[in-house]
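Descriptive structure summary
Residues per chain, in single letters:
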Amino acid sequence: MRIKLIFILSHLWSFHTLFGQTSVCEEANSLLKTISAFHYQPKAVDDTFSYQVFDQFISSLDPDRLLVSAEEMAELSKYRLILDDELDKGSCEFIEIIAVILAERTQYTDSLLESFRQFDFDLEREESLDLAGPDDFLTKDQIVEGWRKRLKMNTYFSLLEAEEEAPITKERFLTHLPEVIASEKCELYKNGKEKEILSGFVGQQLLYTLAQTFDPHTNYFAEQDLGVFEAELDMGSLSFGITINQNQLGEIVVEDVQPGGPAWDSHQVNEGDIILK
């Protein structure tokens with residue numbers, strides 16, 4: 001119980017201090033080696049692990065399947081079973097390739113969304129929006145159709161949320177459409193649009209996915225996110241039934257053990273214990 005508890009907290013707290021200013025490949029290797037060395041039940045970093053990481057990694061970059069096309073996935077799929085080998089030899093070529101694809105598709109999608117401002121939507125036609133499954137990727141033509149249906153559906157929702165009793169007419173639809181397009185473009189650019197910025201985002205998502213695939217209770221924080229986490233963690237009460245604080249030496253100390261909680265019932269966690277890193 002104690003070993004598992006300490007592992008989870010120490011990794012949530014301090015992965016960023018292990019890496020410093022290093023490349024994504026070096027961080028990924030350090031991450032995997034650290035988890036493998038200290039985890040109470042380490043996974044084998046093999047082809048199966050690579051397969052799981054790859055699929056979750058791509059899903060984190062394009063959860064709605066409206067950016068990366070089936071044609072581009074055909075190019076990227078060669079990395080599905082060799083991510084572990086690529087990282088082991090320090091190769092991050094696939095990160096740059098994915099960043100280029102995302103940058104190109106982001107620019108294309110921006111233009112596509114703009115083109116729908118002049119599109120003649122058929123409001124009489126009944127349609128359904130079929131979301132792609134986790135293993136499905138749409139062709140480029142299917143992605144265009146997916147965006148058309150999404151804009152139509154979200155504009156309808158926008159009209160319904162307006163709580164106006166007037167019927168949905170083409171004129172009212174076109175009045176709300178620009179707002180919906182602007183919202184989609186804002187979401188599109190939330191992680192950046194230039195290849196250099198997207199490359200950093202792709203690298204951070206890879207590190208996060210590696211940690212989550214190895215153990216859902218293990219997390220990776222980019223340095224800019226750590227301050228928020230530390231602020232939330234300070235004096236916070238975790239689900240283990242303990243309250244922790246940081247002493248003058250920077251050590252994480254168990255300040256209180258909640259009676260009846262998991263830590264209390266284990267009889268192995270006490271007030272004053274130091275959470276080891």
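Residues numbered from 1 in each chain as written. Predicted model: local features only at pLDDT ≥ 70, side-chain atom pairs only at ≥ 80, totals over all residues. Heavy atoms only, no water.

This paragraph deals with the packing of helix α3 (residues 47–61) against helix α9 (residues 195–214). It is the contact of α3 with α9, at a shortest axis distance of 9 Å, that shows an interaxial angle of 135°. Taken together, the axes of α3 and α9 lie oblique to each other. The handedness of the crossing between α3 and α9 is right-handed. Facing α3, whose interface residues are Phe-49, Gln-52, Val-53, Gln-56, Phe-57, Ser-60 and Leu-61, α9 presents Phe-201, Val-202, Gln-205, Leu-206, Thr-209, Leu-210, Thr-213 and Phe-214. The residue makeup of the contact of α3 with α9, split by class, is 9 nonpolar, 6 polar and no charged. (Axes fitted to C-alpha atoms, helices over the stretch in contact; angles between N-to-C directions. Helix = DSSP H or I, 4+ residues; strand = E, 2+ residues; numbered from the N terminus. Parallel < 35°, antiparallel > 145°, perpendicular 65-115°, else oblique. Left-handed = near helix turned anticlockwise from the far one by under 90°. Contact = heavy atoms within 4.5 Å. Nonpolar A, V, L, I, M, F, W, Y, C, P; charged D, E, K, R; others polar.)

Moving on, we come to a negative patch on the surface. On the surface, Asp-46, Asp-47, Asp-85 and Asp-88 cluster together into a patch of negative charge. Inspection of the secondary structure assignment puts Asp-47 in helix α3. By relative accessible area, which is 40% here, Asp-47 ends up partly exposed. (Patch = residues over 30% accessible without salt bridge, like charges linked within 9 Å, V, L, I, M, F, W, Y side chains within 5 Å. Areas by Shrake-Rupley, 256 points an atom, 1.4 Å probe, with all protein chains shown as cover. Salt bridge = Lys/Arg side-chain N within 4 Å of Asp/Glu carboxyl O. Lys, Arg positive; Asp, Glu negative; His and termini not counted. Charge placed at Lys NZ, Arg CZ, Asp CG, Glu CD. Buried < 20%, exposed > 50% of the residue type's maximum accessible area, 1.4 Å probe, protein only.)

With that out of the way, let us pick up the pattern of salt bridges. Across all of its chains, the model carries 15 salt bridges by this definition. Here Glu-114 ties to Arg-117 by a salt bridge, and the two come within 3.0 Å at their closest N and O atoms. Taking the relative accessible area as the measure of exposure, Glu-114 reaches 30% and is therefore partly exposed. For Arg-117, a relative accessible area of 31% puts it in the partly exposed group.

Scanning the model with the defined rule gives 7 aromatic pairs in all. Residues Phe-49 and Phe-214 carry aromatic rings whose centres are separated by 5.9 Å and whose planes lie at 70° to one another, so their mutual orientation is edge-to-face. Remark: Phe-214 occurs in helix α9 and Phe-49 occurs in helix α3; sequence separation between them is 165 residues. For Phe-49, a relative accessible area of 3% gives the class buried. Taken together, Phe-116, Phe-119, Phe-121, Tyr-156 and Phe-173 form an aromatic cluster joined through their ring pairs. In this structure, Arg-80 is placed above the aromatic ring of Tyr-51, and the distance from its NZ or CZ to the ring centre is 5.3 Å. The positively charged end of Lys-193 is found above the aromatic ring belonging to Tyr-189, 5.2 Å away from the centroid. (Phe/Tyr/Trp six-rings, centres within 6.5 Å; stacked < 30°, edge-to-face > 60°. Lys NZ or Arg CZ within 6 Å of the ring centre and 35° of its normal.)

This brings us to the environment of Asn-270. If you trace the backbone, Asn-270 turns up in the loop between α11 (262–266) and β4 (274–275). Each C-alpha atom of the pair Asn-270 and Asp-256 lies 7.7 Å from the other, and the pair is 14 residues apart in sequence. Beyond its immediate sequence surroundings of up to four residues, Asn-270 is in contact with Val-254 and Val-257.

Moving on: the nonpolar core. In this structure, Leu-76, Phe-94, Ile-98 and Leu-210 are the most contacted members of the largest nonpolar core, which totals 50 residues. Those elements that provide at least two residues to this core are α2 (24–38), α3, α4 (70–76), α5 (83–88), α6 (93–115), α7 (140–161), α8 (170–188) and α9. Top element by residues in this core is α6. It accounts for 10 residues. Those residues in contact with Leu-210 that lie beyond four places of it in its chain are Ala-28, Leu-31, Leu-32, Phe-49, Val-53 and Leu-87. Counting residues in hydrophobic clusters, the runner-up holds 8 residues, among them Ile-244, Ile-252, Val-257 and Ile-275. (Core = buried A, V, L, I, M, F, W, Y, C linked by side-chain atoms within 4.5 Å.)

So, on to the confidence of the model for the protein. When the pLDDT values of the protein are averaged, the result is 80; 78% of them are 70 or greater. When the elements of the protein are averaged for pLDDT, helix α1 (residues 2–19) gives the smallest value, 39, and α6 the largest, 95. Note that residues 1–21 has pLDDT below 50 and, in this model, 60 contacts with residues that lie over four places away or in other chains. Contacts from residues 233–239, a stretch scored under 50 in pLDDT, to residues over four places away or in other chains number 16 contacts. (pLDDT = per-residue confidence, 0-100.)

Looking now at unusual backbone geometry. Phi at Arg-65 takes a positive value of approximately 60°, unusual for a residue other than glycine. Residue class for Arg-65 comes out buried when judged on its relative accessible area of 3%.

Turning our eyes to something else, we now look at a nonpolar patch on the surface. On the surface, Phe-157, Leu-160 and Ile-168 cluster together to form a nonpolar patch covering roughly 280 Å² of accessible area. As for its placement among the helices and strands, Ile-168 is situated in the loop between α7 and α8. Residue classification places Ile-168 among the partly exposed positions, given a relative accessible area of 32%.

Moving on to the environment of Thr-139. Mapping Thr-139 onto the fold places it in the loop between α6 and α7. Once the C-alpha coordinates of Thr-139 and Leu-66 are considered, the two residues, 73 residues apart in sequence, prove to be 9.6 Å apart. Sequence-distant contacts of Thr-139, defined by excluding residues within four places in its chain, comprise Ser-69, Ala-70 and Glu-71.

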